[in-house]
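Given next are the chains, with one letter for each unit.
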Amino acid sequence: EVTDFVDRKDKDTAIIEAFFTKKGETLYAILPHRPAPEFLVRDVKPSAGTEVTILGENGKLKFRAEGAGLRVTVPPPPETAQPRYATVLCITGAR
């Protein structure tokens, strides 16, 4: 069961924080839990045209380069949002 890999059973257990897939210029980071308030996507560098959004939600997210990664500010879900099993960051134009 996937929850065995994404839910921390105890403090010494490693977990999977994100699954990734890519289509065209968009990298999708599938997060089993909605992070708060930020999430670091390692080994992804923004370019001048990079945009980050959440699949199914309006608006662009704030982000910044951090080391060899991209730190994304993730807002709380809208009050009208239906409960989700995952949050999907859509990262377009990054390397």
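So, how was this worked out
- Residues numbered from 1 in each chain as written.
- Predicted model: local features only at pLDDT ≥ 70, side-chain atom pairs only at ≥ 80, totals over all residues.
- Heavy atoms only, no water.
- Pairing = 2+ DSSP bridges.
- Helix = DSSP H or I, 4+ residues; strand = E, 2+ residues; numbered from the N terminus.
- Axes fitted to C-alpha atoms, helices over the stretch in contact; angles between N-to-C directions.

*Asks:* Help me out: how do you make sense of the sheet that holds strand β7 (residues 87-92) in this one?
*Replies:* Either a parallel or an antiparallel arrangement is found when strands of a sheet pair, and the pairing is made through backbone hydrogen bonds. Spatially, the four strands line up as an open sheet ordered β1-β2-β7-β4, and their pairing is antiparallel. The open sheet has two edge strands with one neighbour each: β1 (19-23) and β4 (51-54). Each strand axis lies, on average, 20 degrees off the axis of its neighbour in the sheet, ignoring direction. Inspection of the sheet shows strand β2 (residues 26-31) paired to β7 by six bridges, in the antiparallel sense. Within β7, the residue paired with L31 across the bridge is T87.

*Asks:* Where do I start with the sheet that holds strand β3 (residues 38-42) in this structure?
*Replies:* Read across the open sheet, the three strands follow the order β3-β6-β5; overall the sheet is antiparallel. A single partner strand is all that each edge strand has here, and the edge strands are β3 and β5 (63-66). Across the sheet, the mean angle from the axis of one strand to that of its neighbour is 25 degrees, orientation sign disregarded. Bridging between β5 and strand β6 (residues 69-73) involves four bridges; their strand directions are antiparallel. The residue of β6 that forms the bridge with R64 is R71.

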